[in-house]
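Next come the chains, spelled out residue by residue.
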Amino acid sequence: DELISQIAAGEVVERPASVVRELLDNALDAGATQITLRLSAGGVRLISVEDDGDGIVPEQMATALKRHATSKIASLAELESVGTMGFRGEALAAINSIAELALLSRATDQSNAWLLDGRTGELKPAARAGGTTVEVKELFFSVPARRKFLKTDATELAHCIDAVRRHALARPDVGFAIWHDGKLVEQWRRQGDGDAARTRRIGDVLGDDFLAASIAVDHRVGAVRVTGRAGLPDHARSRADQQFAYVNGRYVRDKVIVHAARSAYEDVLHGHRQPVYVLFVELDPARVDVNVHPTKIEVRFRDGREVHQAVRHAVDQALAAPRA
Ligand code: ADP
Ligand code: MG
């Protein structure tokens, strides 16, 4: 079981930022409105994610760290199919198998919090306001081969911040704070709902200079709606590191969207310049498969052409709009 969890961990957890992504997903699933991330040594020594969500009742805390009974990996030969099944319900179990994990939580109906030690399974009363803190220490302590491939603390920290940035752009209704080695490195306050809130959050995360050098995208083609902001050509960068695409609110890396956006910029960008954009694609969930990869970062569209056209037209239209 331990081995299977470690294999699962290999699929889901590549570096500290992968842990951050999973813990943020859980906090948002729990309805958090404020999330505080504390990191030490680029996240290798400590990743702590604190939320004000629903919490976990003490009877459920140990279960939360267990691998769900659904996956039935009997042999190495079956591992091939695992990638497509995904590891739903296994993130905490996987992380617990490769790090020192502690769960501190107080569910809404509880008079006090509870602390679970992931290693020993010991559960004891603790103090905390409503919500959950997941603390992950010494990532990959038992997997030295993995640890060896980690980059410098500064690089791992940058990846962790990127992971939060991706969530933060999509959730202006949630406040985020990131601390590293005791210093506040980023803070994005709750902005609320609606287009104006979303625009303010984009400004907070990507900078007011990006807001000034970008145009609102809002376009519908058939059943596909595309919103967000497209950076003007003169705001282009040498690297493609500021291209954020979301499908039904979830950050994705998708060739169809990247290609469509790229083609809209083709005639206005010169050399190897890369556009900056934040694009939210909404479509019927039945027309997109999110379980292609365990991290759900890749998707497969039922009709890729439909999405390509919608994104292409949306960005074309934004770039053609007269500048205010
Ligand atoms: P999944 O999110 O796919 O269910 P995880 O391993 O990530 O699997 O989490 C296991 C379970 O632990 C969740 O289903 C949830 O019930 C609980 N949980 C984890 N993190 C939190 C959190 N921050 N707040 C409330 N419940 C949580
Ligand atoms: Mg999860």
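In this report, we go over the structure that sits alongside the text. Here the structure is a predicted model, which is why all the values come from computation and not from measurement.

About the criteria used
Residues numbered from 1 in each chain as written. Chains lettered and ligands numbered in written order. Predicted model: local features only at pLDDT ≥ 70, side-chain atom pairs only at ≥ 80, totals over all residues. Near = placed C-beta within 6 Å. Helix = DSSP H or I, 4+ residues; strand = E, 2+ residues; numbered from the N terminus. Nonpolar A, V, L, I, M, F, W, Y, C, P; charged D, E, K, R; others polar. Axes fitted to C-alpha atoms, helices over the stretch in contact; angles between N-to-C directions. Parallel < 35°, antiparallel > 145°, perpendicular 65-115°, else oblique. Left-handed = near helix turned anticlockwise from the far one by under 90°. Contact = placed C-beta atoms within 7 Å. Buried ≥ 20, exposed ≤ 12 C-beta atoms within 10 Å, placed from the backbone.

## Notes on the site of ligand 1
Argument step 1. Taken together, 17 residues form the shell around ligand 1, and within it Asn26, Ala30, Ala64, Ala91 and Leu92 come nearest.
Argument step 2. Taken together, the elements giving at least two residues each to the shell around ligand 1 come down to α2 (16–29) and α5 (91–98).
Argument step 3. Its residues assigned to classes, the shell around ligand 1 comprises seven nonpolar, five polar and five charged.

## A closer look at the packing of α2 against helix α7 (residues 153–170)
The axes of two packed helices give the description: the angle between them and the distance between them.
Argument step 1. Relative to each other, α2 and α7 sit at 25 degrees, their axes nearing to 8 Å. With respect to α7, the element α2 is oriented roughly parallel. Of the two elements, α2 crosses α7, and the hand of that crossing is right-handed. Contacts between α2 and α7 pair Pro16, Ala17, Val20, Arg21, Leu24 and Leu28 from the former with Glu156, His159, Cys160, Asp162, Ala163, Val164 and His167 from the latter.
Argument step 2. Taken together, the residues of the contact of α2 with α7 sort by class into eight nonpolar, two polar and three charged.

## Some details on the packing of α7 against helix α8 (residues 195–206)
Argument step 1. Look at α7 against α8: their axes get within 9 Å of each other, and the N-to-C directions meet at 160 degrees. Between α7 and α8, the angle falls in the class roughly antiparallel. Handedness of the crossing formed by α7 with α8: left-handed. Contacts from Arg165, Ala168 and Leu169 of α7 reach α8 at Arg201, Ile202 and Val205.
Argument step 2. Here the residues of the contact of α7 with α8 sort into four nonpolar, no polar and two charged.

## Points about unusual backbone geometry
Argument step 1. Although it is not a glycine, Glu138 sits at a positive phi angle of roughly 50 degrees.
Argument step 2. The residue Asn248 is not glycine, and still its phi comes out positive at about 50 degrees.
Argument step 3. Examined against the element boundaries, Asn248 turns out to sit in the loop between β11 (243–247) and β12 (250–252).
Argument step 4. Look at Asn248 and you get partly exposed, because 16 C-beta atoms sit within 10 Å.

## So, the environment of Glu186
Argument step 1. Within the secondary structure, Glu186 is located in strand β8 (residues 183–188).
Argument step 2. Residues Glu186 and Leu37 lie 149 residues apart in sequence; the distance between their C-alpha atoms is 9.8 Å.
Argument step 3. Not counting chain neighbours up to four residues away, the residues in contact with Glu186 comprise Ile161 and Ile178.

Honestly, that's just the spatial picture; any functional story needs more than this.
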